[in-house]
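The lines below spell out each chain.
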Amino acid sequence: MTEGSNYDYLFKVVLIGDSVLSRFTRNEFNLESKSTIGVEFATRSIDVDGKTVKAQIWDTAGQERYRAITSAYYRGAVGALLVYDIAKHATYVNVTRWLKELRDHADSNIVIMLVGNKSDLKHLRAVPTDEAKSFSTENGLSFIETSALDASNVEGAFQTILTDIYRIVSSKSLEQSNNPIDAPGPSISVGPSVDNNAAQGSKCC
Amino acid sequence: MSARPPPARPHTAIHASTYNSRADWAEDDAWDSASDNEDDAPKASSSRVPPRQVPLRPKISSSSSTLAFSYTHVSAPNPSSYPPRDIPPKNGWTIVKTGPPVDTPIDDDPERGGDADADADVEGDMILGDLEPDAMETMDIIPPLHSKPKTDQGIVRDDVDAIVDDPLAAVKHRARRTEPEPRRPSPPASPESAERSEKLMRERSIRTNRRHKFVECLSSQDVNIAELRKLAWAGIPADLRPMAWQLLLQGYLPLPTPLRTSTLARKRGEYLSLVELAFARDREGLDQQIWHQIEIDVPRTRPGVRLWMHGATQRALERILYVWAIRHPASGYVQGINDLVTPFFQVFLSAYIDSDPEAFDPGTLPARALDAVEADSFWCLSRLLDGIQDNYIFAQPGIQRSVRRMAELVARIDAPLSAHLDTQNVEFMQFAFRWMNCLLMREISVRNTIRMWDTYLAEGPDAFSQFHLYVCSAFLVKWSDKLRQMDFQGIIMFLQSLPTQDWGDHEIEMLLSEAFVLNSIWHNAQSHFSAK
């Protein structure tokens, strides 16, 4: 709890899709870890520009049956990691469906990052990087590829999205305070991820 | 409330008349008639290793989890061998292990003590760190009869065939075997352990008494189910459990002795036909969505536990789950159901072996027995799930209802906790969903679950939805003091990986009796719940 209050920004982030990252949020890196039932909770803190950015991560179960339960967690989330498996094309096809879910249930200015994850060393790539990249651009998503087998790499995905969210939120609060000059780096903000009314509604809690 | 002693007799015994085994059979038959297939040919997808001779070479130097497990039962578990399942990230809160060291014997097996003591010298062998905590909680180990040739694969009993035909064979055999065996642990090393061993001896004599009643009950020509329920409520001796569970599950095993052999043979044959039908076409003929989910979940079922890492077990689990799923299209396979198979499978497997099921290589069991374990697990799982099907259909209304009622109940029995959760914006759904969906199997060990199911099965078919609600409420309130000191994040993280790793039967039985009390007070007072 002590650490709990020790942050400058608190972001709620959901993890959806072929969510093999659950073992990351659980600090488990063995190949086989139990399936996620409903939702699981984890936190991560990073430092950006000397600020402590803390994320409350809700890792949602991938199975269709849990939708009714898990979609409730989209509300109030400022970020979403939408994960697919680069070795399984079907999981990439599902991304469109997940995006729709997010558009339906999440706040409109949520920052979405598409995460191409390689869950398994045995399987070959089935989704070309370029394809996913251009899909991301079209849909205003950030994009990253990771390997859940490599902790640092997944950690990197979290770093990236939290930084993105931080940039957007902090630039927004600056806009709101009519003081754009001191913006620490608004130009870096991963622009198109907010596809409409980007100016309103700072969601940092 | 806790001042009240555990229930002496289950109040549900009066329901006995509703368990008419014949009626249940009729229903099953109706269900299965569509898939009836007289052919008893081996299942299409069977990929079993043919039975081979179990090597009985004594194993000397390498570590055996079986040995280590035995040891932990006579002595307080070494905390270092029970790492929390999910080591939580450092969040500023600490898990405090409240449970007293498990110094009460954690099972009902009168054979255990002596053997465990004999194995105490393997303490240094415990190499358990990278297994999940469940793996450390062994099922009740039945020590081998004579000398102890320990093997990597485990020990298959020599009367497997007789047990396949009639589970009573196992009971009678063991009853005969155990009676003239007043074997005592080796002399205690300290006054403390002397005291403990005296306590053990007292408890053992109580257990032996109970055991006699059990054996008598199970051996009768027409089992008195009310009597069995009464006995089972307080826990079933490990070696009698396979048979008792099958009787309690709405008479999967018929109560009258003469019907058993033929009924079991028929049900197992029926299951084989179901499997054959389901897998008649090759992989492309399977329901892809269901199969895909099962395929990813099966290797993730009890990861790290030897039994569940074996191909033979995994194939059996796949078949059980798939056949169940396609026969229940309204729910299909839902993640978490895989967990629910494991207690059945391990308990039924334990009937045929003289070693720890979790360390057992099912490939060494004669195919006939393994088929029986699989079929029995399937039917018993089906019966369990029949009572909680609306947990798994669209929008999971059963779970939603249970979680809502649990929140209402907790508000009444622990208002300060309820208020605190409220101020911290913790919703019951955020933690209790899983408690309902997996029947607490993600919160407590399989060993604990098995003990808990003794009571659930004794309570009756509603227990997995109704009684379970009270168990969950008692379970939450148990941590009340801690939770009320925590903030949102602390609460959620704590409830997500509760410190139950060293829970034994004692803790489970406390929980069950608290739930019993809650159930008696509130269950017939429905209007106290703000019905929504």
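All of these numbers come straight from a predicted model, not from anything done at the bench. (Residues numbered from 1 in each chain as written. Chains lettered and ligands numbered in written order. Predicted model: local features only at pLDDT ≥ 70, side-chain atom pairs only at ≥ 80, totals over all residues. Heavy atoms only, no water.)

Undergrad: What should I look at first to understand the overall build of chain A in this one?
TA: Per the secondary structure count, chain A includes six helices and six strands. The linear arrangement of helices and strands in chain A, starting from the amino end, is β-α-β-β-α-β-α-α-β-α-β-α. Buried positions account for 56% of the 205 residues belonging to chain A. Here the contacts in chain A between residues at least 6 apart in sequence split such that 73% fall between residues at least 24 apart. Roughly 8400 Å² of accessible area belongs to chain A as shown, and the carbon and sulfur atoms make up 51% of that amount. (Helix = DSSP H or I, 4+ residues; strand = E, 2+ residues; numbered from the N terminus. Buried < 20%, exposed > 50% of the residue type's maximum accessible area, 1.4 Å probe, protein only. Contact = heavy atoms within 4.5 Å. Areas by Shrake-Rupley, 256 points an atom, 1.4 Å probe, with all protein chains shown as cover.)

Undergrad: So what exactly am I meant to see when it comes to the pattern of salt bridges here?
TA: Pairing of side chains with opposite charge becomes possible as their charged atoms draw close. Following the criterion strictly, the structure yields 26 salt bridges over all chains and no others. Of the charged contacts, one joins B:Asp239 and B:Arg211 as a salt bridge, the two residues approaching to 2.9 Å between their closest N and O atoms. Of this pair, B:Asp239 sits in the loop between helix 8 (225-233) and helix 9 (241-248) while B:Arg211 is found in helix 7 (residues 191-219), placing the two residues 28 residues apart along the sequence. A single burial state applies to B:Asp239 and to B:Arg211, both of which are buried. The partner of B:Asp454 in a salt bridge is B:Arg241, with the nearest N and O atoms 2.8 Å apart. Placement of the pair is B:Asp454 in helix 19 (residues 446-459) and B:Arg241 in helix 9, with a sequence separation of 213 residues. Of the two residues examined, B:Asp454 and B:Arg241, each falls in the buried class. Sharing partners across several salt bridges, the network here consists of A:Glu40, B:Arg434 and B:Glu443. (Salt bridge = Lys/Arg side-chain N within 4 Å of Asp/Glu carboxyl O.)

Undergrad: For this particular structure, what's the right way to read the UniProt feature "domain: Rab-GAP TBC" (unreviewed entry) in chain B?
TA: When the UniProt feature table is mapped to this numbering, "domain: Rab-GAP TBC" (unreviewed entry) covers residues 235-460 of chain B. Measuring from the first to the last C-alpha atom of residues 235-460 of chain B gives 14 Å, for a span that is 64% helix and 0% strand. (UniProt positions renumbered as here; feature names shortened; annotations may be inferred.)

Undergrad: Please explain the nonpolar core as it appears in this structure.
TA: Most often, soluble globular proteins keep nonpolar side chains buried together rather than apart. A:Leu102, B:Leu228, B:Tyr352, B:Met406, B:Trp435, B:Trp453 and B:Leu476 are the most contacted members of the largest nonpolar core, which totals 164 residues. A per-element tally of this core places helix 15 (residues 367-386) of chain B first, with 11 residues. Discounting chain neighbours no more than four positions away, the residues touching B:Tyr352 are B:Ile155, B:Val156, B:Arg157, B:Val160, B:Ile163, B:Val164, B:Arg268, B:Leu365, B:Ala369, B:Ala372 and B:Val373. One finds A:Val53, A:Ile57, A:Val111 and A:Ala157 within the second-largest nonpolar core, a separate group that totals 25 residues. (Core = buried A, V, L, I, M, F, W, Y, C linked by side-chain atoms within 4.5 Å.)

Undergrad: Sorry if this is basic, but what is going on with the sheet that holds strand 3 (residues 51-60) of chain A here?
TA: For sheets, the rule is that strands pair by backbone hydrogen bonds, running either parallel or antiparallel. Residue and element names in this part refer to chain A. With respect to topology, six strands assemble into an open sheet ordered 2-3-1-4-5-6, the strand pairing being mixed. For this open sheet the edge positions go to strand 2 (39-48) and strand 6 (142-147), each flanked by a neighbour on one side alone. Strand-to-strand twist in this sheet, taken as the mean axis angle between neighbours without regard to direction, amounts to 25°. Bridge count between strand 2 and strand 3: 10 bridges; the pairing is antiparallel. If you follow Ile46 over to strand 3, its bridge partner there is Val53. Each of strand 4 (79-85), strand 5 (111-118) and strand 6 touches helix 5 (residues 129-139); the most contacted strand, strand 6, lies at about 145° to it. (Pairing = 2+ DSSP bridges. Axes fitted to C-alpha atoms, helices over the stretch in contact; angles between N-to-C directions.)

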